[in-house]
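What follows is each chain in one-letter form.
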Amino acid sequence: MTEQYAAAKARLKAEKWAHGTPEDAIRVMCLEWLEWDEENGGRQGVAALLAAEGKDTKGAYKAMEEYARSKKKGTCVKLEPAEAMGAVMKYYGVDKDLAQAALEGGLMYYLLTAEARKYKPYSTAEAGNAKATPGSEMPTGTRGGGKFSLDIGGLEDLL
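Turning our attention to the nonpolar core. If you look at the biggest cluster of nonpolar residues, it comprises 29 residues, and the most contacted ones within it are Cys 30, Trp 33, Leu 50, Val 88, Met 89 and Tyr 92. Contact partners of Cys 30, with chain neighbours within four places excluded, come to Leu 12, Leu 50, Val 88 and Tyr 92.

Now for the packing of aromatic side chains. Evaluated as defined, the whole model comprises 2 aromatic pairs. Consider the rings of Tyr 91 and Tyr 92, whose centres lie 5.0 Å apart with planes at 80°: the pair is edge-to-face. According to the relative accessible area criterion, Tyr 91 is buried, its value standing at 16%. One cation-aromatic arrangement involves Lys 55 over Tyr 91; the distance from NZ or CZ to the ring centre is 4.2 Å.

With that settled, consider the environment of Glu 104. Within the element layout of this structure, Glu 104 appears in helix α6 (residues 96-116). On the basis of relative accessibility, which here comes to 64%, the residue Glu 104 falls in the exposed class. Remark: the alpha-carbon pair of Glu 104 and Ala 82, spanning 22 residues in sequence, is separated by 8.9 Å.

A few words now on the pattern of salt bridges. Tallied over the full model, the rule gives 6 salt bridges. Of the charged contacts, one joins Arg 27 and Asp 24 as a salt bridge, the two residues approaching to 3.1 Å between their closest N and O atoms. Separated by 3 residues within a single helix, Arg 27 and Asp 24 lie in helix α2 (residues 22-39), roughly one turn from each other. Taking relative accessible area as the criterion, Arg 27 reaches 15% and is therefore assigned buried.

Attention now moves to the confidence of the model for the protein chain. Here the protein chain averages 82 in pLDDT, while 75% of its residues score no lower than 70. Confidence drops under pLDDT 50 across residues 138-143; counting only partners more than four residues distant or on other chains, this segment forms 11 contacts.

Definitions and limits used
- Residues numbered from 1 in each chain as written.
- Predicted model: local features only at pLDDT ≥ 70, side-chain atom pairs only at ≥ 80, totals over all residues.
- Heavy atoms only, no water.
- Core = buried A, V, L, I, M, F, W, Y, C linked by side-chain atoms within 4.5 Å.
- Buried < 20%, exposed > 50% of the residue type's maximum accessible area, 1.4 Å probe, protein only.
- Contact = heavy atoms within 4.5 Å.
- Phe/Tyr/Trp six-rings, centres within 6.5 Å; stacked < 30°, edge-to-face > 60°.
- Lys NZ or Arg CZ within 6 Å of the ring centre and 35° of its normal.
- Helix = DSSP H or I, 4+ residues; strand = E, 2+ residues; numbered from the N terminus.
- Salt bridge = Lys/Arg side-chain N within 4 Å of Asp/Glu carboxyl O.
- pLDDT = per-residue confidence, 0-100.

As structure tokens, then:
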């Protein structure tokens with residue numbers, strides 16, 4: 001772990017945003033981006049970008065907003081997750097082609113799996129620790145005094 005990595009992580013963690021705000025979501029994405037780069041040997045220099053003076057998640061959010069406005073069609077604005085992260089990366093100084101290569105080269109997968117780890121699957125002790133076989137957590141219960149499952153053969157089974 002380098003000093004720049006520690007400084008970037010401390011700086012991002014020091015930013016206080018209400019949970020669920022766009023700025024907080026960007027802060028979390030940037031922390032994951034930092035971890036991804038560190039796990040890949042720090043080749044992209046993300047720590048230096050995130051530790052740079054004058055750059056913060058509020059600015060990244062404004063940059064993302066501007067990018068979204070440029071794509072507005074009528075009253076609708078839609079950004080795919082990769083586009084949103086690409087706008088954040090551009091704000092921090094990453095070239096568009098390099099950002100696209102990073103996103104397609106594993107960063108987007110890393111970000112999405114990090115988000116998925118937040119949700120605890122049924123029958124696991126902790127989030128990210130799913131070892132159950134598919135279908136083993138299917139809920140069952142009673143309906144009208146009898147046992148039922150979600151496996152329904154046909155319409156007549158519902159009646």
